[in-house]
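What the coordinates show
Chain by chain, the residues:
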Amino acid sequence: MFKNILVPIVDDMVTPKSMKMIADLVEQDGAALTLAYVSDPRAPFVYAKKASDYKVSDARHKKACEEHANELLAKAAKMIGKNVSVKTLHEYNATVYEGILAAAKKAKADVIMMASHKRTGLKGVFMGSDTHAVIVHSKLPVVVI
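Structural notes, computed from the coordinates. (Residues numbered from 1 in each chain as written. Predicted model: local features only at pLDDT ≥ 70, side-chain atom pairs only at ≥ 80, totals over all residues. Heavy atoms only, no water.)

As a further point, take the pattern of salt bridges. Applying the stated rule across the entire model yields three salt bridges. With a closest N to O distance of 2.8 Å, Asp-24 and Lys-20 form a salt bridge. With Asp-24 and Lys-20 both in helix 1 (residues 16-29), this residue pair falls four residues apart, about one helical turn. With relative accessibility at 29%, the residue Asp-24 sits in the partly exposed group. Its relative accessible area of 47% is what places Lys-20 among the partly exposed residues. Between Glu-91 and Lys-106 there is a salt bridge, with its nearest N and O atoms 2.9 Å apart. Of this pair, Glu-91 sits in strand 3 (residues 86-92) while Lys-106 sits in helix 3 (residues 96-107), and the two are 15 residues apart along the sequence. Of the residues examined, Glu-91 reaches a relative accessible area of 9% and is grouped as buried. (Salt bridge = Lys/Arg side-chain N within 4 Å of Asp/Glu carboxyl O. Helix = DSSP H or I, 4+ residues; strand = E, 2+ residues; numbered from the N terminus. Buried < 20%, exposed > 50% of the residue type's maximum accessible area, 1.4 Å probe, protein only.)

And the structure:
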């Protein structure tokens with residue numbers, strides 16, 4: 001059914017159950033799988049009495065982002081298992097859903113498969129959902145697990 005599946009990895013959404021479900025689908029379809037992580041390219045800036053003492057350098061920020069992304073992507077790939085070949089992408093974008101869509105384009109994905117944060121109440125109203133934003137802005141099918 002699908003040939004190239006992109007799975008965005010989000011810190012709290014990497015679960016063995018969801019990764020097993022994805023692995024099963026990839027194996028059934030004989031599809032290519034790309035795991036992607038999106039980092040904010042802007043280094044954080046913390047205010048203090050002397051603000052310049054607390055600015056994180058761009059190089060230090062990028063290194064920290066790379067390490068974090070590599071750790072999460074390796075963890076997710078391990079959960080997928082050895083029967084599935086996994087490619088990884090690390091995208092930088094200040095807007096998560098735009099980073100996911102850019103990663104899908106780079107991976108030549110024909111579907112985006114992602115988990116929902118299931119935010120409810122006021123938190124859901126004010127914060128929204130990256131999954132919802134991807135669904136609204138994607139020209140590709142989005143499978144929510």
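To continue, consider helix 5 (residues 130-137). Listed as buried for helix 5 are Thr-131, Ala-133 and Val-134. One side of helix 5 carries all its buried residues, which in axial view fall inside an arc of 165°. More than 90 degrees from the buried face of helix 5, the exposed residues found are His-132 and Val-136. The backbone nitrogen of Thr-131 has a side-chain oxygen 3.1 Å away, supplied by the residue at the start of helix 5, namely Ser-129. (Arc of directions from axis to C-beta. Polar contact = N/O pair within 3.5 Å; in protein donor to acceptor, adjacent residues only side chain to side chain.)

Moving on, we come to helix 2 (residues 58-80). For helix 2, with 23 residues, the first-to-last C-alpha span of 32 Å sits near the 33 Å given by 1.5 Å per residue. Looking at helix 2, one finds that the buried residues are His-61, Cys-65, Ala-69, Leu-72, Leu-73, Ala-76 and Ile-80. Against the buried residues of helix 2 lie helix 1, strand 2 (32-39) and strand 3. Taken from the residues just after helix 2, Gly-81 is the one with a positive phi, measuring 105°. (Expected span 1.5 Å × (residues − 1). Contact = heavy atoms within 4.5 Å.)

A separate point is the sheet that holds strand 3. Strand order in the open sheet formed by five strands is 3-2-1-4-5, and the pairing between neighbours is parallel. At either end of the open sheet lies a strand with only one pairing partner, and these are strand 3 and strand 5 (142-144). Each strand axis lies, on average, 25° off the axis of its neighbour in the sheet, ignoring direction. With five bridges connecting them, strand 1 (residues 4-8) and strand 2 associate as parallel partners. Counted as the bridge partner of Ile-5 is Leu-33 from strand 2. (Pairing = 2+ DSSP bridges. Axes fitted to C-alpha atoms, helices over the stretch in contact; angles between N-to-C directions.)

Purely geometric stuff here, so don't read any function into it on its own.
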